[in-house]
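# Report on the structure
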Amino acid sequence: MMSLYPVLEKAGDESLLVSQAAFSAMCDLCKACDYSSPKELVMKNSDYLLNDVSLNLARPSIHPHAPRVLAVMFTHSDASLLPLVADVVQDVLTALDLSYEQRTPQFLYCATLTHESTWMKLLPMVHRCWPALLHRLTNDDPLAVPRAFKVLCVLGELCGDFLRKRVSKEVLPRLTSSLKKQEEISARSGPVYTHTLAYKLQLAVLQ
């Protein structure tokens, strides 16, 4: 149990030599612990692994490679893993909020598949993350909105029309409605209005 997490972390290493050596270690663990395959090894220990991933996502300076473990788990598992990662998805979004500029490549590396198309890799992640992202885009927190837009822009560049259609149908009407309600208030307001949360939220949406 203590060895499995670091082995999976190395299995996701960018160096082919390191990742192959780690995969060989996974196979050795399977033989030693009587698992039929790396897939069974991952699935039977998924609770333990996901718990560590979740904890380590909150400490990126100490554990910068937690996304690699998640990526390797997706590689050596099947669809039955998806219901177990719902909570981790929220942890990923939170960690991405806190260090977007530095950590975007690592999180894109986590996309949930081995497909030559980047947007196909991201498609399952978008589906799982969409409710949380939609909430952040349309809530009353002026700090959450611009952060969510950053995530949306990255996904939009990669996912193309699929995401644009969802944004047009589910996000833009809510934002437009919010702006219309705030329009009359802001039009009659004086200089003090620029110091309110309502103003900051309105500005974030317009930007």
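Presented here is a report on the structure given in the accompanying data block.

The rules behind the values
Residues numbered from 1 in each chain as written. Predicted model: local features only at pLDDT ≥ 70, side-chain atom pairs only at ≥ 80, totals over all residues. Heavy atoms only, no water. Helix = DSSP H or I, 4+ residues; strand = E, 2+ residues; numbered from the N terminus. Buried < 20%, exposed > 50% of the residue type's maximum accessible area, 1.4 Å probe, protein only. Areas by Shrake-Rupley, 256 points an atom, 1.4 Å probe, with all protein chains shown as cover. Phe/Tyr/Trp six-rings, centres within 6.5 Å; stacked < 30°, edge-to-face > 60°. Axes fitted to C-alpha atoms, helices over the stretch in contact; angles between N-to-C directions. Parallel < 35°, antiparallel > 145°, perpendicular 65-115°, else oblique. Contact = heavy atoms within 4.5 Å. Nonpolar A, V, L, I, M, F, W, Y, C, P; charged D, E, K, R; others polar. Core = buried A, V, L, I, M, F, W, Y, C linked by side-chain atoms within 4.5 Å. Expected span 1.5 Å × (residues − 1). Arc of directions from axis to C-beta.

### Some points on the overall build of the chain
Per the secondary structure count, the chain includes 11 helices and zero strands. Helices and strands appear in the chain in the N-to-C order α-α-α-α-α-α-α-α-α-α-α. Each of the 207 residues in the chain was classed as buried or not, and the buried ones make up 40%. Just so you have it, the chain exposes about 12100 Å², and 59% of that area is on carbon and sulfur atoms.

### A short note on the packing of aromatic side chains
In this structure the tally under the stated criterion is one aromatic pair. A ring pair is formed by Tyr-193 and Tyr-199, whose centres lie 5.7 Å apart and whose planes are at 80°; its orientation type is edge-to-face. Classification of Tyr-193 by relative accessible area gives buried; the value is 10%. Given a relative accessible area of 27%, Tyr-199 falls into the partly exposed group.

### Some points on the packing of helix H1 (residues 4-11) against helix H4 (residues 46-57)
Direction vectors running N to C along H1 and H4 enclose 70°, while the axes themselves pass 10 Å from each other. Classified by the angle between their axes, H1 and H4 sit roughly perpendicular to one another. Where H1 approaches H4, its residues Leu-4, Tyr-5 and Leu-8 are matched on the opposing element by Tyr-48, Leu-49, Asp-52, Val-53 and Asn-56. Here the contact of H1 with H4 is composed, by residue class, of six nonpolar, one polar and one charged.

### Let's talk about the nonpolar core
In terms of nonpolar packing, the biggest core is built from 23 residues, with Leu-8, Met-26, Leu-50 and Met-73 touching the most fellow members. Put simply, the parts of the chain that give this core at least two residues each are H1, helix H2 (16-33), helix H3 (38-44), H4 and helix H5 (66-75). The element best represented in this core is H5, accounting for six residues. In this structure, Met-73 is in contact with Leu-8, Val-42, Ser-46, Leu-49, Leu-50 and Leu-81, ignoring residues within four places of it in sequence. With 10 residues, the next largest nonpolar core counts Leu-134, Ala-148, Val-167 and Leu-201 among its residues.

### Some points on H2
Taking 1.5 Å of rise per residue, 18 residues should cover 26 Å, and H2 covers 25 Å from first to last C-alpha, within 8% of that figure. Considered for burial, the residues of H2 that qualify are Ser-19, Ala-22, Met-26 and Cys-30. Looking straight down H2, one finds that the buried residues subtend no more than 95° of arc, so they occupy a single side. Opposite the buried face of H2, by more than 90 degrees, sit the exposed residues Leu-17, Lys-31 and Ala-32. The elements touched by buried residues of H2 are H1 and H3.

### Observations concerning H1
Among the eight residues of H1, six are classified as buried, and the element is accordingly described as predominantly covered. Of all the residues in H1, the buried ones are Leu-4, Tyr-5, Val-7, Leu-8, Glu-9 and Ala-11. Buried residues along H1 sit in contact with H2, H3, H4 and H5.

### A closer look at unusual backbone geometry
Even without being a glycine, Asp-34 presents a positive backbone phi close to 65°. Turning to its location among the elements, Asp-34 is positioned in the loop between H2 and H3.

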